[in-house]
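Residue-level structural notes
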Amino acid sequence: DAKTTQPNSMESNEEEPVHLPCNHSTISGTDYIHWYRQLPSQGPEYVIHGLTSNVNNRMASLAIAEDRKSSTLILHRATLRDAAVYYCILRGYEKLTFGTGTRLTIIP
Amino acid sequence: EAGVVQSPRYKIIEKKQPVAFWCNPISGHNTLYWYRQNLGQGPELLIRYENEEAVDDSQLPKDRFSAERLKGVDSTLKIQPAELGDSAVYLCASSQQDYYGYTFGSGTRLTVV
């Protein structure tokens, strides 16, 4: 499976936008870019996914670079409940392979 | 709609004892996954089912781990005998189709002493 690179940790102030980067330079043409997050003591939670075009849903936005070698998860207005580990995953055939993710801390 | 249900939530056992985890996926989800998550790491896939068939069990330590999914619905993951290194969170997930999002349960935290 192609790998992703994310910062180990990030901090953001409450009520401000957060941009979580992900590099995936070896992405193949059929890999979807998935984002999950994991709150403390919970299983991972699906956030968003995309293939080539930018995507928006009620939780977040996903901006995908034109060459697809990087992407950014955007939380438009962070709250304390957004503090979690965020995983950027390239979904190849049939399965998700998780890395270690980015631990996001929200500062009140 | 109920999510993916796992039980028990926590389990503490002595090494060499058997243990079993149960998962009830979301109704209509034909694909079921078991993941193991060690402290500070991302989840690692153990086994994937399509209906009742295990289609990817390459990461399942078959000498002590076994799994089944009867009638393509509920699933059970078993460890016998447990070792200290098996202490981890065991997560179950289900999905409906390829490239759709997974829904995870809250996991079972296993401690082997």
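Residues numbered from 1 in each chain as written. Chains lettered and ligands numbered in written order. Predicted model: local features only at pLDDT ≥ 70, side-chain atom pairs only at ≥ 80, totals over all residues. Heavy atoms only, no water.

**A look at the pattern of salt bridges**
Any two side chains of opposite charge can pair, so long as their charged atoms come close to each other. Rules: Each reported salt bridge corresponds to a side-chain nitrogen of Lys or Arg within 4 Å of a carboxyl oxygen of Asp or Glu. A run of DSSP states H or I qualifies as a helix once it reaches four residues; a run of E qualifies as a strand once it reaches two. Both are numbered from the N-terminal end. Only protein chains enter the accessibility calculation, which uses a 1.4 Å probe. A residue is then buried if its area is under 20% of the maximum for its type, exposed if over 50%, and partly exposed in between.
Under the counting rule described, the total for this entry stands at seven salt bridges over all chains. Its salt-bridge partner being A:E15, residue A:R77 comes within 3.6 Å of it at the nearest N-O pair. In this pair, A:R77 sits in the loop between β7 (70-75) and β8 (84-91) while A:E15 sits in the loop between β1 (9-13) and β2 (18-23), placing the two residues 62 residues apart along the sequence. Each member of the pair, A:R77 as well as A:E15, carries the same accessibility label: exposed. A salt bridge links B:K62 to B:D57; the nearest nitrogen and oxygen atoms lie 3.8 Å apart. Taken together, the shared-partner salt bridges connect A:R37, A:E45 and A:D82 into one network.

**A look at the packing of aromatic side chains**
For clarity, the cut-off: Each Phe, Tyr or Trp ring (for Trp, its six-membered ring) is paired with any other whose centre lies within 6.5 Å, and the angle between the two planes then decides the class: stacked below 30 degrees, edge-to-face above 60, tilted in between.
Applying the stated criterion to the full structure yields 13 aromatic pairs over all chains. Taken together, a centroid distance of 6.4 Å and an interplanar angle of 40° make the contact between B:Y33 and B:Y35 tilted. Residue B:Y33 is classed as buried on the basis of its relative accessible area of 0%. On the basis of an interplanar angle of 20° and a centroid distance of 4.0 Å, the ring pair of B:Y33 and B:Y102 is categorised as stacked. Within this pair, whereas B:Y33 is found in strand β4 (residues 31-37), its partner B:Y102 is found in the loop between β9 (88-95) and β10 (103-104), the two being separated by 69 residues in sequence. For the residue pair B:Y33 and B:Y102, the accessibility class agrees, reading buried in each case. An aromatic cluster is present here, built from A:Y36, A:Y46, A:Y87, A:F98, B:Y33, B:Y35, B:Y102 and B:F104 joined pairwise through their rings.

**Some thoughts on the state of the cysteines**
Where we set the bar: By definition, disulfides here are pairs of cysteine sulfur atoms that lie within 2.5 Å.
For the coordinates displayed, the defined rule picks out two disulfides over all chains. Bridging A:C22 to A:C88, the disulfide has an S-S length of 2.1 Å. For the disulfide bridge between A:C22 and A:C88, the dihedral angle about the S-S bond is near -80°, and by the sign convention the bridge is left-handed. One end of the pair, A:C22, is in strand β2; the other, A:C88, is in strand β8, with 66 residues separating them in the sequence. A:C22 gets classed as buried once you look at its relative accessible area, which sits at 1%. Two residues share a disulfide in this structure: B:C23 and B:C92, whose sulfurs sit 1.9 Å from each other. Across the disulfide from B:C23 to B:C92, rotation about the S-S bond amounts to roughly -70°, and the bridge is consequently left-handed. A residue pair is termed long-range when its members are at least 10 positions apart, and B:C23 in strand β3 (residues 19-24) and B:C92 in strand β9 qualify at 69 residues. Here B:C23 matches B:C92 in class, with each residue buried.

**Comments concerning the interface of chain B and chain A**
This is how it is decided: A contact between two residues is defined here by any heavy atoms of the two lying within 4.5 Å. Buried area adds together the accessible area that both of two parts lose upon being put together, with accessible area traced by a 1.4 Å probe. Pairs of N or O atoms within 3.5 Å make up the polar contacts considered here, provided that, within protein, one atom can donate a hydrogen while the other can accept it, and that residues adjacent in sequence are counted only when both atoms are side-chain atoms. Throughout this entry, Asp, Glu, Lys and Arg are counted as charged residues, while Ala, Val, Leu, Ile, Met, Phe, Trp, Tyr, Cys and Pro are counted as nonpolar. The remaining residues, Gly among them, count as polar.
The interface is formed by 22 residues belonging to chain B together with 20 residues belonging to chain A. Summing the contributions of chain B and of chain A, the shared interface buries around 1700 Å²; its carbon and sulfur component is 47%. Counting the contacts that link chain B with chain A gives zero salt bridges. Between chain B and chain A we count five residue pairs in polar contact (both at pLDDT 80 or more) in total. Of all the secondary structure elements, the ones that give two or more residues to the side of chain B that touches chain A are β4 and β5 (44-50) of chain B. Class assignment for the residues of the side of chain B that touches chain A results in nine nonpolar, eight polar and five charged.

**Observations concerning the nonpolar core**
Our working definition: What is meant by a nonpolar core is a set of buried Ala, Val, Leu, Ile, Met, Phe, Trp, Tyr and Cys residues, joined one to another through side-chain atoms within 4.5 Å.
If you look at the biggest cluster of nonpolar residues, it comprises 21 residues, and the most contacted ones within it are B:F21, B:W34, B:L77, B:I79, B:Y90 and B:L110. Those elements giving two or more residues to this core turn out to be β3, β4, β5, β8 (75-79), β9 and β11 (108-112) of chain B. Apart from residues no more than four positions distant in its own chain, B:L110 is found in contact with B:K11, B:I13, B:V19, B:F21, B:I79, B:D86, B:S87, B:A88 and B:Y90. Counting residues in hydrophobic clusters, the runner-up holds 20 residues, among them A:L62, A:L73, A:A84 and A:Y86.

**A word on the pairing of β8(B)**
Residue and element names in this part refer to chain B. Formally: Pairing between two strands requires that DSSP report at least two bridges joining them.
Most of β8 is tucked away, with four of its five residues classed as buried. With five bridges joining them, β3 and β8 adopt antiparallel strand pairing. Bridge pairing in β8 links A20 to K78. By the bridge criterion, four bridges tie strand β7 (residues 65-68) to β8 in an arrangement that is antiparallel. What sits directly across from E68, in β8, is T76. In this structure, the hairpin formed by β7 and β8 is closed by a connection of six residues, where K71 is found at a positive phi of approximately 60°.

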